[in-house]
Amino acid sequence: MFKVIQRSVGPASLSLLTFKVYASQKKDSPHKTSVKVNELSLYSVPEDQSKYVEEPRTQLEESISHLRQYCEPYTSWCQEMYSQTEPKMQSLVKWGLDSYEYLQNAPPGFFPRLGVIGFAGIIGLLLARGSKIKKLVYPPGFMGVAASLYYPQQAIVFVQVSGEKLYDWSLQGYIVVEDFWKENFQKPGNVKNSPGNK
């Protein structure tokens, strides 16, 4: 449409000089009207004679389909387990990071106290030779006594909460034993010998 005419020509060393460029319209081309978008062949709408035909599945596609159907219960189980364990793992990681920061900036005297508490647990384990019940009771008991010497306020709170829970558990156990006794050992006609009726 436009013809570019260069007015300045010079050697290569003078190529950094500025020059003027003039554009002029061609005289010999006739002026045409613009073409609409739908007149272009690129944008023409195809006729509605096309029909979707599904290709037959290959043996590889069939094998993959069977494998997916076989693995689907396992993958859904894994996703469910992951969604259940993810919050627990995140809280565990957060607890680990908090513990690491606490141990990095431990208060003065923390590590000697920890050593004494751990040593009390080892002594409890040595004194509990021979009996499995002693091995379950002595080390935590000795560690609890040593910890209560260093942290008396926390020990009082722990004993109060533990006492309430122990009382609740003993009450629940008593109810279960009483129900079991009534169902299995008490005869329906023998009501006067029951522990509740004296």
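Now for a quick tour of the structure.

What counts, and where the lines are drawn
Residues numbered from 1 in each chain as written. Predicted model: local features only at pLDDT ≥ 70, side-chain atom pairs only at ≥ 80, totals over all residues. Heavy atoms only, no water. Phe/Tyr/Trp six-rings, centres within 6.5 Å; stacked < 30°, edge-to-face > 60°. Axes fitted to C-alpha atoms, helices over the stretch in contact; angles between N-to-C directions. Helix = DSSP H or I, 4+ residues; strand = E, 2+ residues; numbered from the N terminus. Parallel < 35°, antiparallel > 145°, perpendicular 65-115°, else oblique. Left-handed = near helix turned anticlockwise from the far one by under 90°. Contact = heavy atoms within 4.5 Å.

## Observations concerning the packing of aromatic side chains
Applying the stated criterion across every chain, the model contains 6 aromatic pairs. Between Tyr 102 and Phe 110 the ring centres are 5.4 Å apart and the planes differ by 85°, which places this aromatic pair in the edge-to-face class. These aromatic residues form a ring-pair network of at least three members: Tyr 102, Phe 110 and Phe 111.

## Side note on the packing of helix α2 (residues 110-127) against helix α3 (residues 132-150)
Relative orientation of the contacting elements α2 and α3 amounts to 155°, with a least axis distance of 7 Å. In terms of their interaxial angle, α2 and α3 are classed as roughly antiparallel. Both α2 and α3 take part in a crossing whose hand is right-handed. Listed contacts from α3 to Arg 113, Val 116, Ile 117, Ala 120, Gly 121, Ile 123, Gly 124, Leu 125 and Leu 127 of α2 are Tyr 138, Pro 139, Phe 142, Met 143, Ala 146, Ala 147 and Tyr 150.

## Notes on the environment of Phe 119
With respect to the helices and strands, the residue Phe 119 is situated in helix α2. Sequence spacing of Phe 119 and Pro 139 is 20 residues, and the spatial spacing of their C-alpha atoms is 9.6 Å.

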